[in-house]
Amino acid sequence: MSARPLVITDCDEVLLHMVAPFREWLGEVHAIDFAFDAPDFTTALTRRETGETVEQKEIWRLLNGFFDTEMERQEPIAGAVEAYGTLAEQADVVVLTNLLDHRQEDRARQLARHGIDVKVYTNQGPKGGAIARILDEYAPSRAVFIDDLSQHHSSAREHAPDIARLHLCGEPGLAPHIACGAKAGDAHARIDTWHEALPWILNRLEKPA
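Residues numbered from 1 in each chain as written. Predicted model: local features only at pLDDT ≥ 70, side-chain atom pairs only at ≥ 80, totals over all residues. Heavy atoms only, no water.

## Quick notes on the pairing of strand S1 (residues 6-9)
Where burial is concerned, the two faces of S1 agree: the one with Leu6 and Ile8 and the one with Val7 and Thr9 are both buried. Two strands pair when backbone bridges link them, and S1 and strand S4 (residues 92-97) are joined in this way by four bridges, in the parallel orientation. Counterpart to Val7 in the pairing with S4 is Val93. Note that S1 and strand S6 (residues 143-147) share four bridges and pair parallel. Each residue of the ladder has a partner; that of Leu6, found in S6, is Ala143. (Buried < 20%, exposed > 50% of the residue type's maximum accessible area, 1.4 Å probe, protein only. Helix = DSSP H or I, 4+ residues; strand = E, 2+ residues; numbered from the N terminus. Pairing = 2+ DSSP bridges.)

## Focus: the environment of Val120
On the secondary structure map, Val120 appears in strand S5 (residues 119-122). Look at Val120 and you get buried, because its relative accessible area is 5%. In this structure, Val120 is in contact with Val95, Thr97, Gln104, Arg107, Ala108 and Leu111, ignoring residues within four places of it in sequence. (Contact = heavy atoms within 4.5 Å.)

## Quick look at the sheet that holds strand S8 (residues 189-190)
If you walk across this open sheet you meet the six strands as S5-S4-S1-S6-S7-S8, and the pairing is parallel. Each having just a single partner strand, S5 and S8 make up the two edges of the open sheet. Of the pairings in the sheet, the one linking S4 to S5 comprises four bridges and is parallel in character. By the bridge assignment, Thr97 is partnered in S5 with Thr122. Its contacts with the sheet put helix H4 (residues 104-113) on S4 and S5, and the angle it makes with S5 is roughly 145°. (Axes fitted to C-alpha atoms, helices over the stretch in contact; angles between N-to-C directions.)

## Quick word on the pattern of salt bridges
The tally for this structure, following the rule as stated, stands at 15 salt bridges. A salt bridge links Asp10 to Lys127; its shortest N-O distance comes to 3.1 Å. Linking Asp10 in the loop between S1 and helix H1 (19-30) with Lys127 in the loop between S5 and helix H5 (128-138), this pair joins segments that are 117 residues apart in sequence. On the accessibility criterion, Asp10 (6% relative accessible area) is buried. By relative accessible area, Lys127 is classed as buried at 1%. Residues joined by salt bridges that share partners form a network here, namely Glu24, Glu28, Glu70 and Arg73. (Salt bridge = Lys/Arg side-chain N within 4 Å of Asp/Glu carboxyl O.)

## As for the side chain of Thr9
By the element assignment, Thr9 lies in strand S1. When sequence neighbours within four positions are dropped, the list of residues in contact with Thr9 reads Val14, Leu15, Val93, Val94, Val95, Leu96 and Ile146.

## So, the pairing of S6
Consecutive residues of a regular strand have side chains that alternate between opposite faces of the sheet. Burial of S6 is extensive: five of the five residues sit out of reach of the surface. Burial of S6 is two-sided: the residues Ala143, Phe145 and Asp147 facing one way and the residues Val144 and Ile146 facing the other way are all buried. One ladder, built from four bridges, connects S6 with strand S7 (residues 164-167); its direction is parallel. Bridged to Val144 within S7 is Ala164. As a crossover connection, the stretch from S6 through helix H6 (residues 150-159) into S7 is right-handed. (Right-handed = clockwise from strand over helix to strand, strands pointing away.)

This is the structure in structure tokens:
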């Protein structure tokens, strides 16, 4: 139990780049192209030699392969490490990441190598239920949720309506092509750089959403 404010943040595209190194690896090792501007992730991967769309079950196999062997390719989003340091002085900070549960320790070690030493919660599917459970665990005075995908803000609004919700996608190549949680009414704001996001978060930690 804690009376401190709480930040619940996603990892990929918020703290660490993921789609860019994943695309790099797909091209180098599998001769697969990844189009960031595709309307749907299930149609974004195509085989370079044939132009065929990679099937969804194969996409999941490739994603698992990336997290099995390639997590060292992931580097911090600009400003994320510094922002974490500032936030950790004033709040508890935890990561809620959509990875399989057996990757929890790998994710925690990965973040710690970059100077982000946090408790990591793994999740599959919508994040609202997990957010509600974390809020029950910490009982914070104020809380902010940060994620790069609009659907998780929708789920958070449903299950934890009082939490302040920031839609942040720190991957410049991807950000223009993803639906905006703020425009959908599910996030309170959409800010894609930590330089601009940090003051917003600090302000929200000082007052209710």
